[in-house]
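Chain by chain, the residues run as shown.
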Amino acid sequence: MKLSGGVEWALHCCVVLTTATEPVPAARLAELHDVSASYLAKQLQALSRAGLVTSVQGKAGGYVLTRAPELITVLDVVAAVDGAQPAFVCTEIRQRGPLATPPEACTRPCPIARAMAGAEAAWRAALQAISVADLVSSVDEDSGPTALAGVRSWLSGPGDGDAAHVEQG
């Protein structure tokens, strides 16, 4: 299973947005993560279309989470950015070639399709069980309780060219 880099960026943004007391501009999030502002904006738009974040307009505008981080799962973010389509699509290859199985004999998915569907179901269940709040807790455990406080402080400081350097999870 291969996910786009946008999933990682979107998840980091969701974690960061839990610390914000004001809407955070996309450019500020891109600066914090040292990533392309235009590419990150696409990920934020995908999160917005999925209803996970909302864009606040105006001079003090930016992005905010639309619900509590406990109610946003990693799977929600993956689906928002990369789509909800299955990773594996069976093409019924067993029904082709000189020894093809007749369609009427294919009353259930083949063992390969069943194995892939089971793996995908397990993967999706695992991602559904992890919330953005869980990720925030892990950042605190891994990087210390001041890591996200540092992010909060950096976000509320001056933008564009701010020389502060923050360790983040």
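Residues numbered from 1 in each chain as written. Predicted model: local features only at pLDDT ≥ 70, side-chain atom pairs only at ≥ 80, totals over all residues. Heavy atoms only, no water.

(A) Just the pairing of strand 1 (residues 53–56), in detail. Bridging between strand 1 and strand 2 (residues 62–65) involves four bridges; their strand directions are antiparallel. Bridge pairing in strand 2 places Ser 55 opposite Tyr 63. The turn linking strand 1 back onto strand 2 is made up of five residues, and Gly 58 within it adopts a positive phi angle of 110°. (Pairing = 2+ DSSP bridges. Helix = DSSP H or I, 4+ residues; strand = E, 2+ residues; numbered from the N terminus.)

(B) Spotlight on a nonpolar patch on the surface. On the surface, Phe 88, Ile 112 and Met 116 cluster together to form a nonpolar patch covering roughly 270 Å² of accessible area. In this structure, Phe 88 sits in the loop between helix 4 (74–82) and helix 5 (111–128). Given a relative accessible area of 31%, Phe 88 falls into the partly exposed group. (Patch = residues over 30% accessible without salt bridge, like charges linked within 9 Å, V, L, I, M, F, W, Y side chains within 5 Å. Areas by Shrake-Rupley, 256 points an atom, 1.4 Å probe, with all protein chains shown as cover. Salt bridge = Lys/Arg side-chain N within 4 Å of Asp/Glu carboxyl O. Buried < 20%, exposed > 50% of the residue type's maximum accessible area, 1.4 Å probe, protein only.)

(C) Expanded view of the packing of helix 2 (residues 26–33) against helix 3 (residues 37–49). Packing of helix 2 against helix 3 brings their axes to within 9 Å, and their N-to-C directions diverge by 120°. When the interaxial angle is binned, helix 2 and helix 3 end up oblique. Seen from above, helix 2 lies across helix 3 with right-handed handedness. In this structure, helix 2 contributes Ala 26, Leu 29 and Ala 30 to the contact, and helix 3 contributes Ala 37, Leu 40 and Leu 44. Residue composition of the contact of helix 2 with helix 3, by class: six nonpolar, no polar and no charged. (Axes fitted to C-alpha atoms, helices over the stretch in contact; angles between N-to-C directions. Parallel < 35°, antiparallel > 145°, perpendicular 65-115°, else oblique. Left-handed = near helix turned anticlockwise from the far one by under 90°. Contact = heavy atoms within 4.5 Å. Nonpolar A, V, L, I, M, F, W, Y, C, P; charged D, E, K, R; others polar.)

(D) Structural context of the layout of surface pockets. By volume, the largest pocket is sized at about 220 Å³. Looking at the largest pocket, it is lined by 15 residues, and the ones nearest its centre are Glu 22, Pro 23, Pro 25, Leu 155 and Ser 156. Of all the elements, helix 7 (residues 147–156) adds the most residues to the lining of the largest pocket, at three residues. Of the residues assigned to the lining of the largest pocket, the class counts are six nonpolar, five polar and four charged. (1 Å grid on protein atoms, 1.4 Å probe; cavity = no way out; pocket = protein on both sides within 12 Å on 5 of 7 lines; lining within 4 Å. Points joined across faces, edges and corners; volume = space filled by probe spheres on them.)

(E) Broad picture of the confidence of the model for the protein. Summing up the model confidence of the protein, the mean pLDDT is 91 and the portion of residues at 70 or higher is 93%. Taken element by element, the predicted model of the protein shows its lowest mean pLDDT in helix 7 (91) and its highest in helix 4 (97). (pLDDT = per-residue confidence, 0-100.)

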